[in-house]
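# Coordinate inspection notes
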Amino acid sequence: MDEENLGEMIIKCPACGIEGVAKSIMKELDIPHFGKVLETTIQCPNCGFRHSDVIALEQNDPAKYVIEINKNNLSVRVVRSQSATVMIPEVGVKVEPGPKSEGYVTNIEGVLTRFEDAVKKALNLFDDAQSQENAKRTLKQIEELKKGNGTATLIMLDPFGQSNIVSEKVEVSEIPEEELKELKTGFSHIEE
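What you are looking at is a predicted structure, and each value in this text was computed from that prediction instead of being measured.

Glancing now at the packing of aromatic side chains. Counted by the stated rule, this structure contains zero aromatic pairs. The positively charged end of Arg114 is found above the aromatic ring belonging to Tyr104, 3.6 Å away from the centroid.

Given below as structure tokens:
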């Protein structure tokens, strides 16, 4: 992976507001199977705030990535751009990009952990019996997949083709035009 440090700056911390303590670092990386990205990191030694983001610098054709989750591929690398939708239909979980979406590099187990964390947050937000029951059932399904029990389908839809699942077993296809029109990108747009 080629890396070029574009600069470091000392800035006001966005969390604690203290001037001149947080470090902002920008790097351009060339990631195999993915392309050029801009990685930004802000760290504050005063309050412990940390924020990282990965922004793709190249645009490709829209792409749909599909792979079966099973005990043999939990370590397969997953690169999700800030514009990608990620879902596991059998479990009933889906994350769509929003204005604050961040890209990340992880593996299939890491994607499951991200969904698990989101469901745990939902458990605290919704206290009605039906929501609690649904969340607990979803958590159980995710736990079983992480243990290597059972299978499910991981689908990633990227309107800019900047994501990737790095495996010979992944099916990559075009996103049909009608489906592409309905996909969220996480970017605001103004219609006239």
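Further notes follow.
To continue, consider the sheet that holds strand β5 (residues 63-69). Strand order in the open sheet made by the five strands is β8-β7-β10-β5-β12, with antiparallel pairing throughout. Two strands lie at the open edges of the sheet, namely β8 (93-95) and β12 (171-173), each paired on one side alone. Neighbour-to-neighbour, the strand axes of the sheet open up by a mean angle of 15 degrees, direction not taken into account. Pairing geometry for β5 and β12, over three bridges, is antiparallel. In the sheet register, Tyr65 faces β12, and the bridge partner there is Val172. Of the strands in this sheet, β5, β7 (85-88), β8 and β10 (152-158) touch helix α1 (residues 108-125), which is tilted by about 85 degrees from β7.

Once that is clear, we can look at the sheet that holds strand β11 (residues 164-166). Reading across the sheet, the three strands line up as β9-β6-β11 and stay open at both edges, with antiparallel pairing between neighbours. Either end of the sheet is taken by a strand with one partner, and the two such strands are β9 (104-107) and β11. Taken over all neighbouring pairs, the strand axes of this sheet differ in orientation by 15 degrees on average, direction set aside. Where strand β6 (residues 77-80) lies against β11, three bridges are found, and the strand directions are antiparallel. By the bridge assignment, Val78 is partnered in β11 with Ile165. Against the sheet, α1 contacts β6 and β9, and its axis sits at roughly 110 degrees relative to β9.

Reading guide: rules and limits
Residues numbered from 1 in each chain as written. Predicted model: local features only at pLDDT ≥ 70, side-chain atom pairs only at ≥ 80, totals over all residues. Heavy atoms only, no water. Phe/Tyr/Trp six-rings, centres within 6.5 Å; stacked < 30°, edge-to-face > 60°. Lys NZ or Arg CZ within 6 Å of the ring centre and 35° of its normal. Pairing = 2+ DSSP bridges. Helix = DSSP H or I, 4+ residues; strand = E, 2+ residues; numbered from the N terminus. Axes fitted to C-alpha atoms, helices over the stretch in contact; angles between N-to-C directions. Contact = heavy atoms within 4.5 Å.

All we've got here are geometric facts, nothing functional implied.
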